[in-house]
Amino acid sequence: MSKTTADSPAETPRADPSGDDQDLGAAGSQLSTAPVETAMPGSFGGNRAPGPTGWLAWTGREVLGWARWFWRQLTSMRVALMLLFLLSLGAVPGSLIPQSGTDALKVSEFQDAHKTLGPIYQKLGLFHVYGSAWFGAIYVLLFISLIGCIIPRTWQFVGQLRGRPPGAPKRLDRLPAYATWRTEAEPEEVREVALATLRKRRFRAHVDGDAVAAEKGYLRETGNLLFHLALIVMLIAFAWGQLFKSEGDKLIVEGDGFSNTLTQYDDFKSGNLFSDDDLVPFSFNLKNFVGTYERTGPNRGTPSTFQADITYSLGAYGKAEKHTIKVNEPLEIGDSKVYLVSHGYAPVVTVRDGKGNVVLHQAVPMLPIDSNVTSQGAIKVLDGYKNTQGVAEQLGFAALFVPTYAKGSGTMFSQYPGLDYPVLNVTGYHGDLGVNSGVPQNVYQLDTKNLKQFKDAKGNILKAQLLPGETMKLPNGAGSITFDKQIKEWAGFQVVQQPGTTWALAGALTAIVGLAGSLFIQRRRVWVRATRGADGVTVVEMAGLGRSESAKLPEELGDLSALVHDRAPTKTAEVSTKSDGGSTESGQGLAKTDEGSTKSDVGSTKSDQGSAKSDGAPTKTAGVSTVSGTGLPTSGTGSTRTGEGSTTSETGSTTSGTGPTRIGEGSTTSDAGSPAPGAGPTKTDDDPKTPTSDADTHDSDSGVEPPVPAEGAEK
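## Some words on the packing of aromatic side chains
- The full count for this structure, using the stated rule, is 20 aromatic pairs.
- Judged by centre distance (5.0 Å) and plane angle (70 degrees), the rings of Trp69 and Phe70 are edge-to-face.
- With centroids separated by 6.0 Å and ring planes inclined at 80 degrees, the aromatic side chains of Trp134 and Phe135 adopt a geometry described as edge-to-face.
- An aromatic cluster is present here, built from Phe258, Tyr265, Phe268, Phe274, Phe284 and Phe493 joined pairwise through their rings.

Here it is, written out as structure tokens:
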């Protein structure tokens, strides 16, 4: 049997492509469910008949033809890839340009800093990319393209699963992987063996005429369809999540609580289809916050513990339960998740008026401005304060807090995020804070436009650095501010409610699995044909065809050929020896391959102990040759010359390859000099000029020694 290899374009002559398609027929079709590209004709309407009726019919055909053409283009893989590229390209501005849905303050700052680009970006919708009309159009077109692509391909694939593999083409030797041999087994027996072997290797196989047709690798198309289906699921999940999502932030000081209502949030964003009724009814209280940091080493100041101990309840009358929220370990209540996102300090301050009455006593959160939790904030006294003249005023203090002050540095920058040496720097103002103007303002910043600074007796701005327990008195008996010894901590929470995340994750995982299947699984077809030759010997042909060129297909076909060959082996020629007549007959094997045949001669071996003597003359026996790469024995080329009472048998040439093996007849001579039936040219002793056959000719490059006549034998 020949070795299975893939045809090389340089060695295998290619016929006309149209001839190949006609020869393969259905065998080379439907290896993929991809739609066939059709060219756009010049006119869909064709010839127009005269009159209004002809014009209307022509217009209808034209419109319908163009609609079909646009639909084919939209659902093609090329357009789908273009839309996917545009979608990813459109998401770039959403990552580089501030978005109004994420941080409206940065958008306002960008517009103030860029007077020219700001209006252009606003018209193009670059400040709200994911909600713009052009981004939504790309999104919808991609969605339609995927659906229009997957539905017909799924229907076609289901039809292929319900059908049978196509029958074998007329000429199997034209396929990229091919093997053949001759056997004495019956064709029906070979087909039964091939059918059982292919089914054992998980091929879908059936007998079709004189051949067995088999196919494998349907999971490749299944993976392709799964990938497209997963993309659709992901698009639906993302759209669903964006339309019904809600996201709010809340800063809570130790001891305070939160109820999941819109008025409780510091900042809240939601999708277009979100309503207040979609909020999950729950509440929680922050009992304690624990934050520790590394003290030594290169990671000094790095947080080692961030956790918030809370008690929460579901609904208005739910049972209170304890829970600890850590970074990346949120509290899940219904469809909502509560994340721990930030942390800071809230020094407790007490403000008194000129009469000593307490007008403010609370923990004031300070917002960190660096990694060592150097923080800034504003202390505001809105009501209850009167100046020395008895006129109601509002007080404000710009505050800067450092948890670890560097002594002698003169700068208010923290050296460590822990509370090792806390210092509070305050600067006092009085007047109108502007909170009653109806204009929203930042709670953590002080608007000094309508405020006046307190000044000391020397006319300098009144400010002080306070340690815990220290007090700064306001001038002219206007009151005081005290930095209490108690310093609380606050935690920032983000409450997220985004449906569809589970579906998006499932779609992403399915897409990965489907893409891996479509890339690494090869869909291929194998045919085994067994027919009886003219000489009555069964000729077995095996061939394979894949969707794409791959070295694995010839290897797999070689393995299958070996399995079938084990139960339907190659026919070997019978060798008969006549001691008196001195004649020897052997079959001649010639292997033909698409890559070119390679001849290897096996030299004859003389054996003194095992030689058979007849009439006193020694006899030489032929060696046995094997096809390279398959381990399957073939018969040597039998060419025999006889002398007086002596018989010599030489081994002929052996070829190896992947093509079909043809069995011929060897040339034989007898003592009388008459050629045997079917033999080639015969060399006789009477005519030394008579040409010898190819089997008798010894090539010096073949390494075969010419036979040595025995002593006393006549040349």
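So much for the structure itself; the text now carries on.
## Digging into the sheet that holds strand β3 (residues 211–216)
- Strand order in the open sheet formed by 5 strands is β1-β22-β21-β3-β2, with antiparallel pairing between adjacent strands. Strands with a single pairing partner mark the edges of an open sheet, and in this sheet they are β1 (177–183) and β2 (204–208). Taking the axes of each pair of neighbouring strands and ignoring which way they run, one obtains an average angle of 15 degrees across the sheet.
- Strand direction decides the pairing type here: β3 and strand β21 (residues 524–532), joined by 6 bridges, are antiparallel. The residue bridging Ala211 from the neighbouring strand is Arg529, located in β21.

## Observations concerning the pattern of salt bridges
- Considering all chains together, one arrives at 13 salt bridges under this definition.
- Between Arg529 and Asp210 there is a salt bridge, and its shortest N-O distance comes to 3.6 Å. One end of the pair, Arg529, is in strand β21; the other, Asp210, is in the loop between β2 and β3, and 319 residues separate them in sequence.
- On the basis of relative accessibility, which here comes to 11%, the residue Arg529 falls in the buried class.
- Between Glu215 and Arg523 there is a salt bridge, and its shortest N-O distance comes to 2.8 Å. Of this pair, Glu215 sits in strand β3 while Arg523 sits in the loop between α9 (501–520) and β21; the two residues are 308 residues apart in sequence, bridging distant segments of the chain.

## Quick notes on the sheet that holds strand β9 (residues 321–326)
- Spatially, the 4 strands line up as an open sheet ordered β5-β7-β8-β9, and their pairing is antiparallel. Either end of the sheet is taken by a strand with one partner, and the two such strands are β5 (257–259) and β9. Averaged over all pairs of adjacent strands, the angle between their axes in this sheet comes to 30 degrees, without regard to strand direction.
- Across 3 bridges, the pairing between β5 and strand β7 (residues 282–293) is antiparallel.

## Looking at the packing of helix α3 (residues 77–96) against helix α6 (residues 133–162)
- Axis separation between α3 and α6 bottoms out at 9 Å; the angle between their running directions is 150 degrees. Put simply, α3 runs roughly antiparallel to α6. Here α3 runs over α6; the crossing is left-handed. Taking contact as the criterion, the partners of Met77, Ala80, Leu83, Leu84, Leu86, Leu87, Gly90 and Ala91 in α3 are, on α6, Trp134, Phe135, Ile138, Tyr139, Leu141, Leu142, Ser145 and Arg153.
- Classifying every residue of the contact of α3 with α6 by side-chain character gives 13 nonpolar, 2 polar and 1 charged.

## Thoughts on the pairing of strand β16 (residues 423–431)
- Burial within β16 is extensive, with 8 of its 9 residues counted as buried.
- Pairing analysis gives 9 bridges linking strand β15 (residues 394–402) to β16, with the strands arranged antiparallel. Residue Ala399 lies in a different strand from β16, and its bridge partner there is Val426.
- Inspection of the sheet shows β16 paired to strand β18 (residues 463–466) by 4 bridges, in the antiparallel sense. Along β18, the bridge assignment pairs Asn425 with Gln465.
- Of the strand pairs in this sheet, β16 and strand β17 (residues 451–453) are connected by 3 bridges, and their pairing is antiparallel. Along β17, the bridge assignment pairs His430 with Lys452.

## Topic: the pairing of β21
- Extensive coverage of β21 is indicated by the burial of 7 of its 9 residues.
- In this structure, β21 lies alongside strand β22 (residues 538–546), joined through 9 bridges in antiparallel fashion. Residue pairing in the sheet places Val528 in a bridge with Met542 of β22.
- Linking two consecutive strands that pair antiparallel, namely β21 and β22, is a turn of 5 residues; a positive phi of about 90 degrees is found at Gly536 within it.

## Some words on unusual backbone geometry
- A positive phi angle is found at Asn328, which is not glycine, with a value near 65 degrees.
- The exposure class assigned to Asn328 is exposed, which follows from its relative accessible area of 72%.
- A positive phi angle is found at Val373, which is not glycine, with a value near 60 degrees.
- In this fold, Val373 is placed in the loop between β13 (367–368) and β14 (375–381).

## Thoughts on a nonpolar patch on the surface
- Together, Phe85, Leu86, Leu89, Val92 and Leu96 give the surface a local cluster of nonpolar side chains, amounting to about 500 Å² of exposed area.
- Within the secondary structure, Leu96 is located in helix α3.

## Here's the deal with the side chain of Arg525
- With respect to the helices and strands, the residue Arg525 is situated in strand β21.
- Judged by relative accessible area, which is 2%, Arg525 ranks as buried.
- In terms of polar contacts, Arg525 uses its side chain to reach the side chain of Glu215, at 3.0 Å.

## Some remarks on the packing of α6 against helix α8 (residues 218–244)
- The interhelical angle for the contact between α6 and α8, taken along N-to-C directions, is 150 degrees, at an axis separation of 10 Å. Judged on the interaxial angle alone, α8 and α6 are roughly antiparallel. In the packing of α6 onto α8, the handedness of the crossing is left-handed.
- For the contact of α6 with α8, the per-class residue count stands at 19 nonpolar, 5 polar and 2 charged.

## Section: the environment of Pro403
- Counting through the fold element by element, Pro403 comes out in the loop between β15 and β16.
- Those residues in contact with Pro403 that lie beyond four places of it in its chain are Tyr345, Asn372, Val373, Thr374, Ser414, Tyr416, Pro417, Gly418, Leu419, Asp420, Tyr421 and Pro422.

## A look at the environment of Lys245
- Along the chain, Lys245 falls in the loop between α8 and β4 (246–253).
- Sequence separation of Lys245 and Pro499 is 254 residues, and the distance between their C-alpha atoms is 6.6 Å.
- Every residue in contact with Lys245, bar those within four places of it in the chain, is listed here: Ser270, Gly271, Phe274, Gln497, Gln498 and Pro499.
- A distance of 3.5 Å separates a polar atom in the side chain of Lys245 from a polar atom in the side chain of Gln242.

## A closer look at helix α2 (residues 51–74)
- With 24 residues, α2 extends 35 Å between its outermost C-alpha atoms, agreeing within 8% with the 34 Å of an ideal straight helix rising 1.5 Å per residue.
- Taken as a whole, α2 has its buried residues at Gly54, Glu62, Gly65, Trp69, Gln73 and Leu74.
- The secondary structure elements touched by the buried residues of α2 are α3 and α6.

Criteria and thresholds
Every chain's residues receive numbers from 1 upward, in the order its sequence appears when written. Under the rules for a predicted model, residues below a pLDDT of 70 receive no local features and side-chain atom pairs below 80 are neither given nor counted, while totals for whole chains, interfaces and linings still include all residues. Each side-chain value is derived from all of the structure's non-hydrogen atoms; neither hydrogens nor water enter the calculation. Ring pairs shown here join Phe, Tyr and Trp side chains whose ring centres sit within 6.5 Å, with only the six-membered ring taken for Trp; geometry is labelled stacked below 30 degrees between planes, edge-to-face above 60, and tilted in between. Whether two strands pair comes down to DSSP finding at least two bridges between them. For the purposes of this entry, the term helix denotes a DSSP run of H or I that reaches at least four residues, the term strand denotes a run of E that reaches at least two, and both are numbered from the N terminus. For every element, the axis is a line fit to its C-alpha atoms; helices are fit only across the contacting stretch, and the angle between N-to-C directions ranges from 0 to 180 degrees. Salt bridge, as applied in this entry: a Lys or Arg side-chain nitrogen positioned within 4 Å of an Asp or Glu carboxyl oxygen. Buried means the residue's accessible area, taken with a 1.4 Å probe over protein chains only, is under 20% of the maximum for its type, while exposed means over 50%, and partly exposed covers the values in between. For this classification, under 35 degrees means roughly parallel, over 145 means roughly antiparallel, 65 to 115 means roughly perpendicular, and everything else is oblique. Definitions for this section: a left-handed crossing has its near helix turned counterclockwise from the far helix by less than a right angle. A right-handed crossing has that turn clockwise. Residue contacts follow a heavy-atom distance rule, with two residues in contact if any of their heavy atoms lie within 4.5 Å. In this classification, the charged set is Asp, Glu, Lys and Arg, the nonpolar set is Ala, Val, Leu, Ile, Met, Phe, Trp, Tyr, Cys and Pro, and all remaining amino acids, among them Gly, are polar. A patch consists of residues whose relative accessible area exceeds 30% and which take part in no salt bridge; residues with like charges are grouped when within 9 Å of each other, and nonpolar side chains (Val, Leu, Ile, Met, Phe, Trp, Tyr) when within 5 Å. Calculation of accessible area relied on Shrake-Rupley with a 1.4 Å probe; when residues are assessed, cover is drawn exclusively from the protein chains displayed. Two N or O atoms form a polar contact when they lie within 3.5 Å of each other; inside protein one atom must be a possible hydrogen donor and the other a possible acceptor, and for residues adjacent in sequence the pair counts only when both atoms belong to side chains. Multiply 1.5 Å by the residue count of a helix minus one, and that product is the helix's expected span.

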